[in-house]
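Chain residues, written in single-letter form:
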Number of protein chains: 4
Amino acid sequence: MPRPEHVLTLSCPNRPGIVAAVATTIFEQGGNIREAQQYDDVESRRFFARITLDHPENALDVPALRTGLEAVAERFSMQWTLRDRAQKRKVVVLVSKFDHCLADILYRWRLGELPMELVGVISNHPRETYQHLDFADVPFHHLPVTKSTKMEQEAEVWRVIRESGAELVILARYMQVLSDGLAAKLAGRCINIHHSFLPGFKGARPYHQAHARGVKLIGATAHFVTADLDEGPIIEQDVERISHNDTPDDLVRQGRDIERRVLSRALLWQLEDRILLNGARTVVFRD
Amino acid sequence: MPRPEHVLTLSCPNRPGIVAAVATTIFEQGGNIREAQQYDDVESRRFFARITLDHPENALDVPALRTGLEAVAERFSMQWTLRDRAQKRKVVVLVSKFDHCLADILYRWRLGELPMELVGVISNHPRETYQHLDFADVPFHHLPVTKSTKMEQEAEVWRVIRESGAELVILARYMQVLSDGLAAKLAGRCINIHHSFLPGFKGARPYHQAHARGVKLIGATAHFVTADLDEGPIIEQDVERISHNDTPDDLVRQGRDIERRVLSRALLWQLEDRILLNGARTVVFRD
Amino acid sequence: MPRPEHVLTLSCPNRPGIVAAVATTIFEQGGNIREAQQYDDVESRRFFARITLDHPENALDVPALRTGLEAVAERFSMQWTLRDRAQKRKVVVLVSKFDHCLADILYRWRLGELPMELVGVISNHPRETYQHLDFADVPFHHLPVTKSTKMEQEAEVWRVIRESGAELVILARYMQVLSDGLAAKLAGRCINIHHSFLPGFKGARPYHQAHARGVKLIGATAHFVTADLDEGPIIEQDVERISHNDTPDDLVRQGRDIERRVLSRALLWQLEDRILLNGARTVVFRD
Amino acid sequence: MPRPEHVLTLSCPNRPGIVAAVATTIFEQGGNIREAQQYDDVESRRFFARITLDHPENALDVPALRTGLEAVAERFSMQWTLRDRAQKRKVVVLVSKFDHCLADILYRWRLGELPMELVGVISNHPRETYQHLDFADVPFHHLPVTKSTKMEQEAEVWRVIRESGAELVILARYMQVLSDGLAAKLAGRCINIHHSFLPGFKGARPYHQAHARGVKLIGATAHFVTADLDEGPIIEQDVERISHNDTPDDLVRQGRDIERRVLSRALLWQLEDRILLNGARTVVFRD
């Protein structure tokens, strides 16, 4: 059995003494630092860190640690989160017709690769679309949408997210653009997979755009959703080599593999508190 | 000693019998097909091929082969080139202050990796800029340029290219935009290295643009030069992973490695007749 | 609807005239060459080719083509196969407890990425092991095995393969070593995925071996099964970067992704007749 | 101008309070932590860290910091090094006939990519072998070797290393096996580039071995030299895809590129104090 662990993330203006103060607070409350990653942005002079701690002999006094961190945060104008790794995040997945990302997430979740509680799948297509996928006990919500019902549908989407208690929303090839209003409500906790190597080929049919331009690599991008379409902070990207021989359909097929692995990495990193926002960019403390 | 070899490239509208006609012609004139690659573009219904042939016992009758191919070309509306691999292409390299691509080309050329005759280096900076580079007997031309002398300078560039007999011009981080006129004269035989993964980050300071956007991979693109800046047919691209930790200067440093290898691959492929133009795209018959 | 297509593969000692003879035969029987790849092994002086052909206006006379190719084969001591792409290969998959490769194959098959007829799944574990996988109508065979029953179990495995008409057998993390006898019967049509970058880390627990040696990349290898364990002709390999931070369990998890994509590529290439044996090595005509 | 910086590396048995103690000591002596990376080996329960610090307003009291760290080291049985980044390491490079790695190191050094003082080049071939390379003022030592003079030659090699004050020795395709005695003297400060993806293809002519085995990727490995040939702790590895089409000579050519970049990365990381030994493996705190 893994020992109990907590993950601490923090960011603040950089000045001497932050690490000493945080590490001393952890030590005094009985915690043992297992991993620590930090980053000092030379432009913004802002400091970011992710620390995992365990507690030999269960010595950690969590409420006291929170109180101690509160005092440090006050002193350094620090934003911070402390999460018990045993408390899994609740996640809702939105999907449209193409289910390769959803299928991949389900498979990894079942295998134990993704430490999350799946509390809902929302689609604008009916359950039969995914008849070969085993959703176990995860509630499925069919919320069809047309141009004229978009407002009502989004209200339903938002209700499902809220009622399920989801902390994280994944757009797993959900082919509807979120309204500014919904995007704002989900700021910082909604991840989309875009099927191009951004900033190249924004908008619709990126594989066809890529084919027309004759690029030699195609890619996919996982990013936080913002009101500004395809402009949100990038979390992860990857590419694969293609050739003149590949038709747009070949790119779509090859792209599925890229999308699956890019989205699953971004999801895992978010579940492990590895991603911190730094303005329009992200700090990703990879393993 | 390698046996004498010729490379044949061809393209034409696709219809049955092309391969049979070409292969039979080669066989009848004493040639032996060593490699053959072909591509049939389903959209344009255009056929492309690259064939290398050798001649056991020196049996190949080259003039007869040319006559035979001329007849086949007539029949199939075929464009073709036949090159004796022993005849090395003459190449001129243009460079500005940053010499990493030039240094790499010189090194590979000296090692025998690039089958070409280097007939000139042109720079808008003086010879001393490259004092650590050994140019052997390759003529160096210092052609400084200002906004007001651009026309005259380009006339000089063109004169050097013409008088050197260069069949291929390489812009190895030459930081001047060619005029439409010069670009037109060099159509199909001038390769540029752009320091971004096109179509992302066109224009100036692409590594700074990439840093600002927060992408997770940076890249470089080798393409044929056209009047339309950064829009020419792409020959080769590659990328490397970066992290939030990398400053724009780090990207510049890492980018040098990507640029060197992307440009040297494109150059080698052009020297080996592996690149055929297909409208705004390229067919690249890689090894 | 795609037009009818055939795939021709061939190999023979290299001498002038092969391509001319084959291409002329195809042309005369009404075929149109769409793709052609060939390779001339300079060591063995052996020639390999893969040609796809279609038939505008259904003009192809297949029996006449076979007769014509037979004559060419006689003349050039050529081995060849001609396959109608509409005739899908029958495939049996063997699996043990870890089902990530099987799940991936099922998913790609359902999506239409793998042009095959799945005629059986054989496992030494019971059906319940894979309760989350939808096998559709594919017969499942539970054939448990112990040291003392191995001979009988292999006889059963062979019977299922034979009765199902399988032309291809995939060991999708089947953790039993085939006997020399069964390996011999399946020569050239049985593909295994080994969870290391061969020839490194043969044998058991390769990820633990890799961890102990401190390598910086791990990999997987798809190869044809031969009596000589982990020594069969390699079809495809791939790797991923790891770090000192990764435990053997992390390598196992990361390895699953590599194994899935390496095996699915090898399987696809076999289904598309892209793999030819060349002694202890393979010629793979990639897309 | 970059601000003055120090790099601290440390390792010790893991127990609570290490980070707090080290960070507090740094803070009290006027240092500001800029980067910190750490790793806790779950098997050996050993803790490793690399910390870079700068000193706003030049407040750092280095002797006091050393005294403070000495006390912490005592308490935690900690091994540590503190290096002023302005003090460049002295490096000697050994080379044989193939100079691609040497040429690459020279070029990067001149460009400022490698923060080192090059204090000698040793070769068993004469200076003329490298006539196209500009060694600037770096002393060149021609130390030829035969089977019967190996002992004497190694004594000379050792003398040059010692007299030059070299802290680091790079075997940049030095094709002589070091004796156990010399290997022992250079333990932990001699890096070799092996032209295969270890542990595959140890020993001589690895590219020919790779070709014979039919692998689909070739690689190179940078490792610390130990008495046990090709078994030293691995620092970095990389690979490239090859095909059936590549001859052993092609692999040699392609391998040069892999060797250059693998060795230059390992060298840079060593110069930046990013590599810590962990038994037979390395901890590499990459950027």
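Note that the structure is predicted; figures quoted are calculated from it, not measured. Counting restarts for each chain, with residues numbered from 1 along the sequence as it is written. The naming scheme follows written order: chains are lettered A onward, ligands numbered 1 onward. Where totals are concerned, whole chains, interfaces and linings use all residues; where local detail is concerned, this predicted model gives features only for residues with pLDDT of at least 70, and gives and counts side-chain atom pairs only at 80 or more. Here the side-chain values reflect all heavy atoms present in the structure, with hydrogen atoms and water set aside.

A. Local environment of the domain arrangement of chain A. All names here are of chain A. Either an automatic procedure or a domain database provided the assignment from which the domain bounds are taken. Partitioning chain A into structural domains gives domain 1 (6–84) and domain 2 (89–284). Domain 1 puts 14 residues into the contact, and the matching count from domain 2 is 10 residues. Here the quantity called buried area is the accessible surface, traced with a 1.4 Å probe, that two parts lose on coming together, added over both. Overall, the association of domain 1 and domain 2 removes approximately 910 Å² of surface from exposure, summing both partners, and the carbon and sulfur fraction of that is 45%. Area buried by domain 1 at its contact with domain 2 is led by Phe 48, Arg 50 and Arg 83, which between them contribute 56% of it. Within this document, salt bridges are pairs made up of a side-chain nitrogen of Lys or Arg and a carboxyl oxygen of Asp or Glu, the two lying within 4 Å of each other. Between domain 1 and domain 2 we count four salt bridges in total. The closest approach of N and O atoms between Glu 43 and Arg 281, which form a salt bridge, is 4.0 Å. N or O atoms within 3.5 Å of each other form a polar contact, as long as, within protein, one can give a hydrogen and the other can take it, and as long as residues adjacent in sequence are counted only when both atoms are side-chain atoms. Taken together, the connections running from domain 1 to domain 2 amount to four residue pairs in polar contact (both at pLDDT 80 or more). We call Asp, Glu, Lys and Arg charged. Ala, Val, Leu, Ile, Met, Phe, Trp, Tyr, Cys and Pro are nonpolar, and the rest, Gly among them, are polar. Split into classes, the residues belonging to the side of domain 1 that touches domain 2 amount to five nonpolar, four polar and five charged. Contacts are residue-level and defined by heavy atoms, with any inter-residue pair within 4.5 Å sufficient.

B. Layout of the relation of the copies chain D and chain A. The transform that puts chain D on chain A rotates by 180 degrees and translates by 0.0 Å along the axis, for an RMSD of 0.0 Å. A rotation of that kind, with that shift, is consistent with a two-fold axis. The overlap is high: 100% of the interface residues of chain D also sit at the interface in chain A, so the same surface is used on both sides. We superpose the copies by least squares over the C-alpha atoms of residues that have a pLDDT of at least 70 in both of them.

C. Quick peek at the packing of helix H3 (residues 100–111) of chain A against helix H7 (residues 248–271) of chain C. Contact geometry for H3 of chain A and H7 of chain C: axes closest at 13 Å, N-to-C directions at 135 degrees. It follows from the interaxial angle that H3 of chain A and H7 of chain C lie oblique. The way H3 of chain A lies across H7 of chain C gives a crossing that is right-handed. Every residue of H7 of chain C that contacts H3 of chain A at Asp 104, Tyr 107, Arg 108 and Leu 111 of chain A is listed here: Arg 256, Asp 257 and Arg 260 of chain C. Partitioning the contact of H3 of chain A with H7 of chain C into residue classes produces two nonpolar, no polar and five charged. Comment: axis = line fitted to C-alpha atoms, over the contacting stretch for helices; angle = value between 0 and 180 degrees taken between N-to-C directions. Under the scheme used here, helices are H or I runs from DSSP no shorter than 4 residues and strands are E runs no shorter than 2 residues, and both carry numbers assigned from the N terminus. Roughly parallel here means an angle under 35 degrees, roughly antiparallel means over 145, roughly perpendicular means 65 to 115, and every remaining angle is called oblique. Here a crossing is taken to be left-handed if its near helix is turned anticlockwise relative to the far helix by less than a right angle, and right-handed if that turn runs clockwise.

D. Geometry of the sheet that holds strand S5 (residues 89–95) of chain A. Residue and element names in this part refer to chain A. Two strands are counted as paired when DSSP detects at least two bridges linking them. The mixed open sheet is built from seven strands, whose spatial order is S7-S6-S5-S8-S9-S10-S11. Edge positions in the sheet fall to strand S7 (140–142) and strand S11 (234–241), since each of these pairs with one other strand and no more. Within the sheet, the average angular offset between the axes of one strand and its neighbour, ignoring direction, is 20 degrees. Here seven bridges tie S5 to strand S6 (residues 116–123), and the two strands are oriented parallel to one another. What sits directly across from Arg 89, in S6, is Met 116.

E. Structural context of the relation of the copies chain B and chain A. Taken as rigid bodies, chain B and chain A are interconverted by a rotation of 180 degrees and an axial shift of 0.0 Å, the fit giving an RMSD of 0.0 Å. A shared interface surface links the copies, since 100% of the contact residues of chain B are contact residues in chain A too.

F. Representation of the interface of chain B and chain A within the structure. Facing 37 residues of chain B, the contacting portion of chain A comprises 37 residues. Buried surface at the junction of chain B and chain A, summed over both partners, amounts to about 3000 Å²; 53% is from carbon and sulfur atoms. Contact with chain A buries area across many residues of chain B, yet Arg 213, Lys 216 and His 244 of chain B alone supply 25% of it, more than any other trio. The tally of links from chain B across to chain A stands at five salt bridges. Measuring nitrogen to oxygen at the nearest pair gives 3.7 Å for the salt bridge that ties Glu 231 of chain A to Arg 213 of chain B. At the surface where chain B touches chain A, the tally comes to 22 residue pairs in polar contact (both at pLDDT 80 or more). Elements that contribute at least two residues to the side of chain B that touches chain A include exactly helix H6 (206–213), strand S11 (234–241), helix H7 (248–271) and strand S13 (281–284) of chain B. Among the elements that make up the side of chain B that touches chain A, the one with the highest residue count is S11 of chain B (seven residues).

G. View of the interface of chain D and chain A. Of the residues lining the interface, 22 residues belong to chain D; the matching set on chain A comes to 22 residues. Between chain D and chain A, a total of about 1700 Å² is buried, with carbon and sulfur atoms accounting for 52% of that surface. In this assembly, chain D and chain A are joined by two salt bridges. For Asp 40 of chain D, the salt bridge identified is with Arg 34 of chain A, shortest N-O distance 2.3 Å. Linking chain D with chain A are three residue pairs in polar contact (both at pLDDT 80 or more), by the criterion used here. Only helix H1 (18–28) and strand S2 (32–41) of chain D provide two or more residues apiece to the side of chain D that touches chain A. Counting residues per element, the side of chain D that touches chain A draws most heavily on S2 of chain D, which supplies eight residues. Along the lines of polarity and charge, the residues of the side of chain D that touches chain A split into nine nonpolar, seven polar and six charged.

H. View of the sheet that holds strand S8 (residues 168–171) of chain B. Residue and element names in this part refer to chain B. Ordered in space as S7-S6-S5-S8-S9-S10-S11, the seven strands form an open sheet in which the pairing is mixed. The two strands at the open ends of the sheet, each matched to only one other strand, are strand S7 (140–142) and S11. Across the sheet, the mean angle from the axis of one strand to that of its neighbour is 20 degrees, orientation sign disregarded. In this structure, strand S10 (residues 217–224) lies alongside S11, joined through seven bridges in antiparallel fashion. Within the sheet, the bridge partner assigned to Ala 220 lies in S11 and is Asp 238.

I. Spatial organisation of helix H1 (residues 18–28) of chain B. Burial classes: relative accessible area under 20% of the type maximum marks a residue as buried, over 50% as exposed, and values in between as partly exposed (1.4 Å probe, protein chains only). Most of H1 of chain B is tucked away: eight of the 11 residues are buried. Inspection of H1 of chain B places Ile 18, Val 19, Ala 20, Ala 21, Val 22, Ala 23, Thr 25 and Ile 26 of chain B among the buried residues, and these make up the whole buried set. Check the buried side of H1 of chain B and you find it contacts strand S1 (5–13), strand S2 (32–41), strand S3 (46–54) and helix H2 (62–76) of chain B together with helix H1 (18–28) and strand S2 (32–41) of chain C. Phi turns positive, to about 95 degrees, at Gly 30 of chain B, one or two residues after H1 of chain B.

J. Representation of the packing of aromatic side chains in the model. When two rings of Phe, Tyr or Trp (its six-membered ring) have centres within 6.5 Å they constitute a pair, described as stacked for plane angles under 30 degrees, edge-to-face for angles over 60, and tilted for the intermediate range. Per the counting criterion, the structure on display carries 18 aromatic pairs over all chains. Judged by centre distance (6.0 Å) and plane angle (20 degrees), the ring pair of Tyr 39 of chain B and Phe 48 of chain B falls under stacked. Judged on exposure class, the residue Tyr 39 of chain B and its partner Phe 48 of chain B are both buried. Ring geometry for Tyr 130 of chain C against Phe 140 of chain C: centres 5.9 Å apart, planes inclined by 55 degrees, an arrangement best described as tilted. Of this pair, Tyr 130 of chain C sits in the loop between strand S6 (116–123) and strand S7 (140–142) while Phe 140 of chain C sits in strand S7; the two residues are 10 residues apart in sequence, bridging distant segments of the chain. Members of the aromatic cluster, connected to one another through ring pairs, are Tyr 130, Phe 135 and Phe 140 of chain A. Counted as over-ring charges are cases with an Arg CZ or a Lys NZ within 6 Å of the ring centre that also lie within 35 degrees of the ring normal. The ring of Phe 140 of chain D carries the charged tip of Arg 127 of chain D above its face, separated from the ring centre by 6.0 Å.

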